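What follows is the residue order along each chain.
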Amino acid sequence: METPPKIGSHYYSEKWMKTDHEGGGLNQKREQDLYLDCVTKKQLIMISTAVGLVFLIIIIVPAVILTRPAPVPPFSTGGDMLDFLVQSGEISEHDGLLATWFHRANSKEEMNKALASDVMILEADVTLEGYGTPDQKPVPIMAHPPDVYSDNNLNQWLDAVLNTRKGIKLDFKSLESVGFSLDLLKQKNSRRGINRPVWLNADILRGPNVPSFVHPVNATRFLQLIKETFPDVTLSPGWMVLYVPPIFIGTYSRDMVEDMYDLIKDVPQKVTFPVHALLVRSGWQHISWLLNQSPRFSLTLWQGSDHPNISDLLFVRDNTQPAQVYYDIYEPTLSEFKEAARNHSGVRRFYPGGNLMDFLHLAHNSNSNFLTDVTQHRSLGVRWFPVTNEASLLAWLSDEDGGMLVLHVVSNRNQPGVPVLGDSGTSSEPFTLQHVLELLGQRSNAPWGVYLQIHDHQLLEASLKLLRAAYSAEELYRPIWISMESSQSSNNTNNFLSTVEELFPYITVVLAEQNWRPLIPAALTGLSQRLAVRLTSASL
């Protein structure tokens, strides 16, 4: 070791002391720069940064994945609207009453209002820009007549709606706009996928109260364009309707619904028929026939400025399956109707001309003791019991298993032409048909239909008038079957059917075996009622 220099009696050691001090400081610094005896501060910072980044990735990536919009599941544009709404989570069951609508979402303001709302289906009107003017252009726009200009065209409308999960219904007000619109739909579907049901509506027939000089959209061409260009849709072919009470209140006729059926019976698509809600009940005899022609058919009830009454809506509800009818009804009627349907525990408003098996099945589907044949729609399980007096009627009405009450209707001896039951016509207190209907009205929940076997034409007219009065008073919501018991020629049978059609057509017509063969096809051509044929066991 080098000896420090000596000055006088002292050694000069400042330099060396400083050097020793510095050396000790370096050693101490080196010890402080090591962490966990193995890494430096710089290395620790790098490791901490890396670990932090890993944690950020672990947290952020799943968050981004969770917040990213889920890919739109594929859905056919011709698919069922209720299937789509259930798949989208909008509704929990296949019930047309649960679907909600926004009307005339045409302008950008109305469209944006609809898109921001919780409605499930947007309905909008399509025509051509400047339609019917010298400035008409081949551009589909969103406007309802008489408007022929708009701040919104179909291309813009589709782009906006396709960014949501709302259903689409397009109402065409002119045939000229159909082809251009279908081309656009086809283009959108191929480029980005529409992935939701598309309904295409046009009024293709004249309907109630519409004069002959008013022309609907050409039906043949409308259907042909869809078939050729964009067939994967739901068709919504309708009738033009003029409803102005109390003058123009006529309803749908048999010819109207048969003409419609002839036009669409062979199309492969689902079909929903738009029907005026204030005319549906009065035309139910024919509308129900059309609805029952195919499981592909449904109804969409719509309204104008006048609101339908809740009773009529419940009538439709009670005579259809939930998935068969959509209710495009305005507030506050819609909410009131939903509340009434939800709490509906009273009388079922059964159509008297409806299917007996539907009546008995729905009346007893929660009754495990009821005959299995009836709950499975087998007619052999139906019970038939004659009624001759008030005691027998009341006894059967108290029987919850139900069936058909058979009433033999004759004339009151003391008051000819007054319908009474069986042998009571000769008694001092005959059991009149009017009293029978009153008792049935008081026990409206009793699951029994009525089969009237009427003796002659005079009694038929009187009986039908009583039935009509009871039905108008909403006291007749059960199946009604009627037959004529007197011997009949084909002419008499025609009179029977025409009288039914005129006075009270909401029944099932029963023809006896002996009258069956001569009636084909003359007397049955044009029959709008359900038909039952009564056969003897020998003929079986």
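Read on for a plain summary of the structure. Because the structure is predicted, anything quoted here is derived from the model rather than measured.

Things to note about the packing of helix H15 (residues 433–442) against helix H16 (residues 457–472)
Packed helices, taken two at a time, are described by the angle between their axes plus the distance between the axes. Contact geometry for H15 and H16: axes closest at 10 Å, N-to-C directions at 25°. In terms of orientation, H15 and H16 fall into the roughly parallel class. With respect to the hand of their crossing, H15 and H16 are arranged in right-handed fashion. Residues Leu 433, Gln 434 and Leu 437 of H15 pack against Ser 463, Leu 466 and Leu 467 of H16.

Let's talk about unusual backbone geometry
Negative phi characterises most residues that are not glycine, and trans characterises most peptide bonds. Cis geometry marks the peptide bond from Pro 145 to Pro 146, where omega comes out at 10°. With respect to the secondary-structure elements, Pro 146 resides in the loop between strand E7 (140–142) and helix H5 (154–161). The residue after Pro 245, namely Pro 246, is reached through a cis peptide bond having omega 5°. Unlike most non-glycine residues, Asn 209 shows phi in positive territory, near 70°. If you trace the backbone, Asn 209 turns up in the loop between strand E9 (198–206) and helix H7 (219–229). A positive phi angle is found at Glu 474, which is not glycine, with a value near 55°. Examined against the element boundaries, Glu 474 turns out to sit in the loop between H16 and strand E18 (480–484).

Observations regarding helix H8 (residues 254–264)
Of the residues making up H8, those classed as buried are Met 256, Val 257, Met 260 and Ile 264. The buried side chains of H8 occupy one side of the element, clustering within an arc of 90° when seen end-on. For H8, the elements touching its buried residues are E9, H7, strand E10 (234–240), strand E11 (271–276), helix H9 (284–291) and strand E12 (297–302).

Let's talk about the pairing of strand E8 (residues 167–172)
Counting buried positions along E8 gives six out of six residues, so the element sits mostly inside the fold. Residues of E8 alternate between two faces, with Gly 167, Lys 169 and Asp 171 on one and Ile 168, Leu 170 and Phe 172 on the opposite face, all of them buried. Sheet analysis places strand E6 (residues 121–128) next to E8, joined by six bridges and oriented parallel. Within E8, the position partnered with Glu 123 by the bridge is Lys 169. Once you follow E8 into helix H6 (residues 176–191) and on to E9, the crossover reads as right-handed.

Considering the pattern of salt bridges
Scanning all chains against the criterion turns up 12 salt bridges. For Arg 281, the salt bridge identified is with Glu 474, shortest N-O distance 3.9 Å. A residue pair is termed long-range when its members are at least 10 positions apart, and Arg 281 in the loop between E11 and H9 and Glu 474 in the loop between H16 and E18 qualify at 193 residues. Its salt-bridge partner being Glu 485, residue Arg 534 comes within 3.2 Å of it at the nearest N-O pair. Of this pair, Arg 534 sits in strand E20 (residues 530–534) while Glu 485 is found in the loop between E18 and helix H17 (490–503), placing the two residues 49 residues apart along the sequence. Look at the salt bridges and you will find they share partners, linking Asp 159, Lys 188 and Arg 192 into a network.

Quick notes on the rules
Residues numbered from 1 in each chain as written. Predicted model: local features only at pLDDT ≥ 70, side-chain atom pairs only at ≥ 80, totals over all residues. Heavy atoms only, no water. Axes fitted to C-alpha atoms, helices over the stretch in contact; angles between N-to-C directions. Helix = DSSP H or I, 4+ residues; strand = E, 2+ residues; numbered from the N terminus. Parallel < 35°, antiparallel > 145°, perpendicular 65-115°, else oblique. Left-handed = near helix turned anticlockwise from the far one by under 90°. Contact = heavy atoms within 4.5 Å. Buried < 20%, exposed > 50% of the residue type's maximum accessible area, 1.4 Å probe, protein only. Arc of directions from axis to C-beta. Pairing = 2+ DSSP bridges. Right-handed = clockwise from strand over helix to strand, strands pointing away. Salt bridge = Lys/Arg side-chain N within 4 Å of Asp/Glu carboxyl O.

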